[in-house]
Structure formats: structure tokens, C-alpha cells
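Residue-level structural notes
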Amino acid sequence: MSKVVTLHEFIMDRQADFPYATGELSRLLSDIAIASKIVSKDVRRAGLLENFLGAQGNTNVQGEEQQKLDVIADRQFINMFRTGGEVCGIASEENDDYMAFDNETSKKGKYVVLFDPLDGSSNIDVNVSIGTIFSIYRRKSEAGTLANLDDMLQKGTDQVAAGYVLYGSSTMLVYTTGKGVNGFTLDPYIGEFCLSHPNMQMPESGRIYAMNEGNINICEEGIKEYIQTYCQQTLEGHNRPYSGRYIGSLVADFHRNLIKGGIYIYPDTITDPEGKLRLLYECNPLAFIAEQAGGLATTGRKRVMEIEPERLHQRIPFFVGSKKMVEEAMSCLK
Ligand code: AHM
Ligand code: MG
């Protein structure tokens, strides 16, 4: 039997990859793991607890209805970041503006975190996989001062680390620091994330496409062309063996495609001319992981990680997954 490697051990071992590391990033990743264990516990028991399921009764800055668990997860992560000492400020999909932590320890923190506390909100109440997505940057402002907007609006290529936690049939944490992608499964009996998916590689091509096809008539023609030409069966035969699989939780659709090969598409539409997904909280972190695993992430025209962000809640069209499939989809766009 091979030795069990816990996330904590793994993070400590990998710290040696960065000769000047002071341990702060390691501590931050460990804090994220702890917060996500608490959120995982809440997600697992939500149906049994009062005030955990259903709508919170207000909308977020993007006009979307917040769920109670969105808010619970958001508070849990913010609390961890505020008290951890490594983070000087955060921006979350659930909050209108970024937060600069004003306690003296946090002001010295080197990092900012941008995150979506609970992705796949529409699946919370129906016991379908949801997740947390996070992205870590080194601050640009001087240590000891308050974090500012420029710290938050950095390009994806500046990410120091990124990852997600999937609250699925098991809870998994997948992350990268730019040296490959590794996945850890939460062992509920010992309460530890253990290395289960070392050095994850996204297959170069796959057989799964994920898109909300209810939007097909309000997308540009190239999307329809891609789906019809590359993904769907023809009457004549079974020459295009793709399967449509759309969970409606980006993090779960992405995770499946990372393992099995596939493409996820959320293009711009007539009703959402910029697309739906958020550059900073969803697209950049998953783009970093996709690229580190050999996949691609584009807007259909441009590499996601090279976009210069203009606004915190900026949305973009998103094509992510197996390299060959994303290239095929892009070739259909004029
Ligand atoms: P959320 O962060 O509010 O949950 O929104 C993002 C989600 C993605 O997880 C998912 O892929 C997509 O929105 C689903 O949108 P739609 O219902 O329009 O297909
Ligand atoms: Mg989301």
C-alpha cells in the first residue's frame, strides 16, 4: 500500500520549488483548505439544517438572486482570509466591491484572493454538485498599506496560484501554483484532503461538450455551426460520437472535462452580450488550471489569461477544455 500524502504535506514539500518562499502562500493554501472543509460540512448537511437552503432574499451586484449558502460560504472564506494574516484584501462574486482588510497583520499580507464562494448557485437546493473557485495574486500596492483596486485588477497571467473545491459525490480540491495540477480528495473519516489525482493532464481531445443549448438561437452563427458540425450526430450515421453533458455548475462541468476530455462553452448571447461568466472569479482561475493541464481557455478569439481586466465583475465569453476541441470551436467563429 502506498503512503497517503495529505494536502498539507504536499504543500510543504512543494514550497521547496520556490527558493525564496517564506511560507505565506503555503499557509494561505492551507487556510483555503480549512475553510472549504467547513463549507463542505455545511453543504453536506444543508437539507437538514434550518436557514441553509433557499434564497437569501436579496440580489447581488450582478442582479442575481443570492442563495443562503452563497452567503454562508462567502462569510466563511472571508473570515478565514481576514484572520489568516497572509491576505491584504479580497474580491468576491457575492460582494459589490472589493474589501481591504484594515487590521495591522492583514495590511502586511502579500496576497489578494479573488473568488466565487459557491459556484453553481442554481444547483444548491437540488443536491447537485457545486464548488468554490479561487485565484491568488501577489499585491501590487506596498505592504503595510490598504489593498486597492489595482491589486484586484490583474491579468490571469499574473496569478500565483488558482484552484477549486468541488462539493460533489466526494469533496475534492484541485489547485496549481504554475507547476502542474494536482487533485486531493477529502477523506471524511480523517478530515484530511489526500492526494488522489497527481499531475492531472487534460486529454488533448474528448467526446463531451457542455453548453446551455437553450441559448443556441441567441448565439452567433459560428456556435451553431460548431455544435452541428463537430458535436451532433447526423441522420446518416454515428460518425460524430459526442455526448452533450451540461451540469450547470461550471466547476463540475470543468472538472469532468479535465479528467475525461471535453469542452465547456458559455458564449456571448443577444441577452448577455459580454457572456455570463466572470473573468476574475471564474474564468481566470480555471484558465490557469486548464493551461497547466495542457488544455486551452479562450473567449473564442483571445487567450483568457491575457485580458487586461477593467472591472471587478467583468464578464467574458468562455471556451475552455481540451486543446483540440477549443481550437475547433474557435475555427468556426468568424
Ligand atoms: P453562479 O456563479 O451564480 O452560480 O453562475 C455561474 C454558473 C456556472 O456555474 C454555470 O455553468 C452557469 O452559471 C449556468 O448558467 P445557465 O443557467 O445560464 O446555463
Ligand atoms: Mg459562479
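Residues numbered from 1 in each chain as written. Chains lettered and ligands numbered in written order. Predicted model: local features only at pLDDT ≥ 70, side-chain atom pairs only at ≥ 80, totals over all residues. Heavy atoms only, no water.

**So, the nonpolar core**
- In this structure, Tyr164, Phe254, Leu258 and Phe318 are the most contacted members of the largest nonpolar core, which totals 44 residues.
- In terms of residue count, helix α8 (residues 279-292) provides more of this core than any other element does, 9 residues in total.
- Taken together, domain 1 (7-197) and domain 2 (208-332) each give at least three residues to this core, which thus spans both.
- Counting residues in each nonpolar core, the second largest holds 38 residues, with Leu7, Ala46, Phe184 and Phe193 among its members. (Core = buried A, V, L, I, M, F, W, Y, C linked by side-chain atoms within 4.5 Å. Buried < 20%, exposed > 50% of the residue type's maximum accessible area, 1.4 Å probe, protein only. Helix = DSSP H or I, 4+ residues; strand = E, 2+ residues; numbered from the N terminus. Domains from an automatic or database assignment.)

**Focus on the domain arrangement of the protein**
- Along its sequence, the protein is carved into domain 1 (7-197) and domain 2 (208-332).
- Centre-to-centre separation of domain 1 and domain 2, based on C-alpha positions: 24 Å.
- Counting from both sides, the interface comprises 49 residues of domain 1 and, opposite them, 33 residues of domain 2.
- When the two sides are added together, the surface that domain 1 and domain 2 hide from each other amounts to roughly 2900 Å², 64% of it contributed by carbon and sulfur.
- Of all residues in domain 1, Leu153, Lys155 and Tyr164 bury the most surface against domain 2, accounting for 20% of the area lost on that side.
- Summed over the shared surface of domain 1 and domain 2, the number is 1 salt bridge.
- One salt bridge in this structure joins Arg278 and Glu93, with 3.3 Å as the shortest N-O distance.
- Across the domain 1-domain 2 interface, the total number found is 15 residue pairs in polar contact (both at pLDDT 80 or more).
- Elements with a minimum of two residues in the side of domain 1 that touches domain 2: β3 (87-92), β5 (111-119), β6 (130-138), α5 (149-152), β7 (161-167) and β8 (171-176).
- Among the residues making up the side of domain 1 that touches domain 2, the classes are represented as 22 nonpolar, 19 polar and 8 charged. (Contact = heavy atoms within 4.5 Å. Buried area = accessible area lost by both parts, 1.4 Å probe. Salt bridge = Lys/Arg side-chain N within 4 Å of Asp/Glu carboxyl O. Polar contact = N/O pair within 3.5 Å; in protein donor to acceptor, adjacent residues only side chain to side chain. Nonpolar A, V, L, I, M, F, W, Y, C, P; charged D, E, K, R; others polar.)

**Re the sheet that holds strand β17 (residues 318-321)**
- Spatially, 5 strands are ordered β12-β11-β13-β17-β15 in an open sheet, and the strand pairing comes out mixed. Edge positions in the sheet fall to β12 (243-244) and β15 (296-298), since each of these pairs with one other strand and no more.
- For strand β11 (residues 208-210) and strand β13 (residues 263-266), the ladder comprises 2 bridges, and the chain directions are parallel. Each bridged residue has a counterpart across the sheet, and for Ala210 the counterpart in β13 is Tyr264.
- The sheet strands contacting helix α6 (residues 221-231) are β11, β13 and β17, and the helix crosses β13 at an angle near 160°. (Pairing = 2+ DSSP bridges. Axes fitted to C-alpha atoms, helices over the stretch in contact; angles between N-to-C directions.)

**Description of the site of ligand 1**
- Gly120, Tyr246, Leu250, Tyr264 and Tyr266 are the nearest of the 17 residues found near ligand 1.
- Between Asp119 and ligand 1, the recorded distance is 3.0 Å, taken from a side-chain N or O atom to an oxygen atom.
- Between Tyr246 and ligand 1, the recorded distance is 2.5 Å, taken from a side-chain N or O atom to an oxygen atom.
- When contributions to the shell around ligand 1 are tallied by element, the ones reaching two or more residues are β5, β13 and β14 (277-278).
- Residues that form the shell around ligand 1 fall into these classes: 5 nonpolar, 5 polar and 7 charged.
- Shared between two domains, the shell around ligand 1 holds at least three residues of each, these being domain 1 (7-197) and domain 2 (208-332). (Near = heavy atom within 4 Å.)

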